[in-house]
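Listed below are the residues making up each chain.
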Amino acid sequence: DAEITQSPRHKITETGRQVTLACHQTWNHNNMFWYRQDLGHGLRLIHYSYGVQDTNKGEVSDGYSVSRSNTEDLPLTLESAASSQTSVYFCASSDDAGTDTQYFGPGTRLTVL
Amino acid sequence: GESVGLHLPTLSVQEGDNSIINCAYSNSASDYFIWYKQESGKGPQFIIDIRSNMDKRQGQRVTVLLNKTVKHLSLQIAATQPGDSAVYFCAENETGGFKTIFGAGTRLFVKA
């Protein structure tokens, strides 16, 4: 069955370190998204991609970057982790069929000490 | 596992009763709406959707109602079961825009 996976599921890192969170989907979806979920804020969009080599900034993109070298993967990189980036991160994907329904991964809990 | 907000509005229902979860959306141009369910430690899961040319859509034990006049969306769950306990949130999207706006969510507790 097609799915979307994230790794690692849990990560503890130190302030200033570079961290990369992986997202892999086998839906063959063109559209992929990264969100963070925090108390009192719900889901907030970090970056998104409409296809290979396409990336776009979301509402909270500062301190994050993504790259899209193939259809299946959209890794999220924190260039220099900050304590404010402690959060739960969700990756999602959707197709171009007009439904706009996003399918989410299981999430990654990131703690920056 | 991954946790969702601890200060969400909460709805507590008895097992077997019907549940109604409400959502007010913000963009009058939104024409596609989705309800998601998020269980503790998991990512959001699609439940049901509705387009703005409809005011009601039914699924298996779930019904979504859309009132565009007052920008209100509701999710009705029939014969609520313990497995329905989760956080539910609505999402709105405008055709041509991939920037889905998510609501903060409502926590549903089902008492056995």
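Residues numbered from 1 in each chain as written. Chains lettered and ligands numbered in written order. Predicted model: local features only at pLDDT ≥ 70, side-chain atom pairs only at ≥ 80, totals over all residues. Heavy atoms only, no water.

Caption draft 1: Just the pattern of salt bridges, in detail. Residues and elements named next belong to chain A. Overall, the coordinates contain six salt bridges over all chains when judged by the stated rule. The salt bridge involving Arg17 is made with Glu14; its shortest N-O contact spans 3.4 Å. Of the residues examined, Arg17 reaches a relative accessible area of 48% and is grouped as partly exposed. Judged by relative accessible area, which is 45%, Glu14 ranks as partly exposed. Salt-bridge contacts for Arg44 lead to Asp38; the nearest nitrogen and oxygen are separated by 3.0 Å. Each member of the pair, Arg44 as well as Asp38, carries the same accessibility label: buried. A network of salt bridges, in which partner residues are shared, links Arg36, Asp38 and Arg44. (Salt bridge = Lys/Arg side-chain N within 4 Å of Asp/Glu carboxyl O. Buried < 20%, exposed > 50% of the residue type's maximum accessible area, 1.4 Å probe, protein only.)

Caption draft 2: A look at the state of the cysteines. Residues and elements named next belong to chain A. If you walk through the whole model with that rule in mind, you get two disulfides over all chains. Paired through a disulfide, Cys23 and Cys91 show a sulfur-sulfur distance of 1.8 Å. Measuring the twist about the S-S bond at about -75°, one finds the Cys23-Cys91 disulfide to be left-handed. Of this pair, Cys23 sits in strand β3 (residues 19-25) while Cys91 is found in strand β9 (residues 87-94), placing the two residues 68 residues apart along the sequence. (Disulfide = S-S within 2.5 Å. Helix = DSSP H or I, 4+ residues; strand = E, 2+ residues; numbered from the N terminus.)

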